Amino acid sequence: MKWGDIKNNKYLVAQIKKCLICVTLTVILSAFLGFAIPVSVHATENIVESTTPTDPTTDRDSNLTGTQHERTNITDPGTSEDSDDLKKLNIANTVTVTYDNGNGSLNGALRILITLTLISLAPTLIVMMTSFTRIIIVLHFTRTAIGTQTSPPNIVMIGIALFMTLFIMQPTLTQAYNEAVIPFENGEIEQKEFMDKAMDPFRQFMYGQTQTKDVRLFMEIDNIEWDGELESIPNVVLIPSFIVSELRTAFIIGFLIYVPFIVIDMVVASVLMSMGMMMLPPTTISMPFKILLFVLADGWSLIIGNLVKSFY
């Protein structure tokens, strides 16, 4: 193809112009970046005191890098006497488990790992070991009995249940903090004692809300003899027993809430049948009356107040 033919072809001329513009912009941008972002290289000075060849697998005393004067490994893991020693800069604060005569102790980094794991399990712990289960089930029964399927919304019900759970569990949480967290942070108790003291208030709360027959059920399944005391109940038995008792109590309360609203539905259905309005859904007429009854009786105050009192 000759230059004259290319010059007469408008499409080729337009594509050539675009290519030239792109090349020009690329050159300009590269030059701008070269001046705007200079590359600087800083040399580092390494002083080698000895050039004797060494074998890293046999010639070093430990697996720690650096010299004894340069590294920050001031104390060995497990030798801290109080909380102030744990706060000091120490290269040994890595994820390690050390043992001293059979008594294991976890260092700070591993404690952080365990704490983050417990935070991820916090929703399960809140649901299974506190009053949250009973509260959320009763609130769900209340909404269903009134007939408002989406009011209050789920997020509102969960928020109410969480704050009520915090209100009910506040004495338990305070006791666990005073008896377990504070002494552990002060270095007065060991980790195993900390776990036992932190669990004791929750065990007392769960045992007070658990029925005896539920405890006996799981003790028989696990083939454990029970003397009737809380100390002889392991956590793997107490927690499921508490959950079953909470479900039973919540369903009983839900049934009692349902009764007055069922009466309203029956009265409305009978009136509609007597008027020959069989095609009209009774719930359409009964829902305003149920809401009116709930408001006049101050239903939320009665339900929430008596629900909180059921834990005392």
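Residues numbered from 1 in each chain as written. Predicted model: local features only at pLDDT ≥ 70, side-chain atom pairs only at ≥ 80, totals over all residues. Heavy atoms only, no water.

This paragraph deals with the packing of aromatic side chains. Within this structure, the stated rule accounts for seven aromatic pairs. Between Phe141 and Phe251, the ring centres sit 5.1 Å apart and the planes meet at 80 degrees, which makes this aromatic pair edge-to-face. Remark: Phe251 occurs in helix 10 (residues 235-274) and Phe141 occurs in helix 6 (residues 132-146); sequence separation between them is 110 residues. Classification of Phe251 as partly exposed rests on a relative accessible area of 48%. Counting every residue linked through ring pairs, the aromatic cluster contains Phe141, Phe251 and Tyr258. Seen from the ring of Phe311, Arg134 lies directly overhead, with NZ or CZ sitting 3.9 Å from the centre. (Phe/Tyr/Trp six-rings, centres within 6.5 Å; stacked < 30°, edge-to-face > 60°. Helix = DSSP H or I, 4+ residues; strand = E, 2+ residues; numbered from the N terminus. Buried < 20%, exposed > 50% of the residue type's maximum accessible area, 1.4 Å probe, protein only. Lys NZ or Arg CZ within 6 Å of the ring centre and 35° of its normal.)

Take the nonpolar core next. Judged by nonpolar contacts, the single largest core of 35 residues is most densely connected at Ile135, Phe205 and Met206. In terms of residues, this core owes the most to one element, helix 6, which gives eight residues. If we ignore the near neighbours within four places in the chain, the residues touching Met206 are Met129, Met199, Leu238, Ile239 and Phe242. (Core = buried A, V, L, I, M, F, W, Y, C linked by side-chain atoms within 4.5 Å. Contact = heavy atoms within 4.5 Å.)

By secondary structure assignment, the location of Lys290 is in helix 11 (residues 282-296). Residue class for Lys290 comes out buried when judged on its relative accessible area of 4%. Reaching out from Lys290, the side chain makes a polar contact with the backbone oxygen of Ile146 at a distance of 3.3 Å. Excluding residues within four positions of it along the chain, Lys290 makes contact with Ala145, Ile146, Gly147, Phe261, Ile264 and Asp265. (Polar contact = N/O pair within 3.5 Å; in protein donor to acceptor, adjacent residues only side chain to side chain.)

Right, let's talk about helix 6 for a bit. An ideal rise of 1.5 Å per residue puts 21 Å on 15 residues; helix 6 measures up with 21 Å between its terminal C-alpha atoms. Helix 6 sits mainly inside the fold: twelve of its 15 residues count as buried. Phe132, Thr133, Arg134, Ile135, Ile137, Val138, Leu139, Phe141, Thr142, Arg143, Ala145 and Ile146 are the residues of helix 6 that are buried. Buried residues along helix 6 sit against helix 5 (122-129), helix 7 (154-185), helix 8 (191-209), helix 10, helix 11 and helix 12 (299-309). (Expected span 1.5 Å × (residues − 1).)

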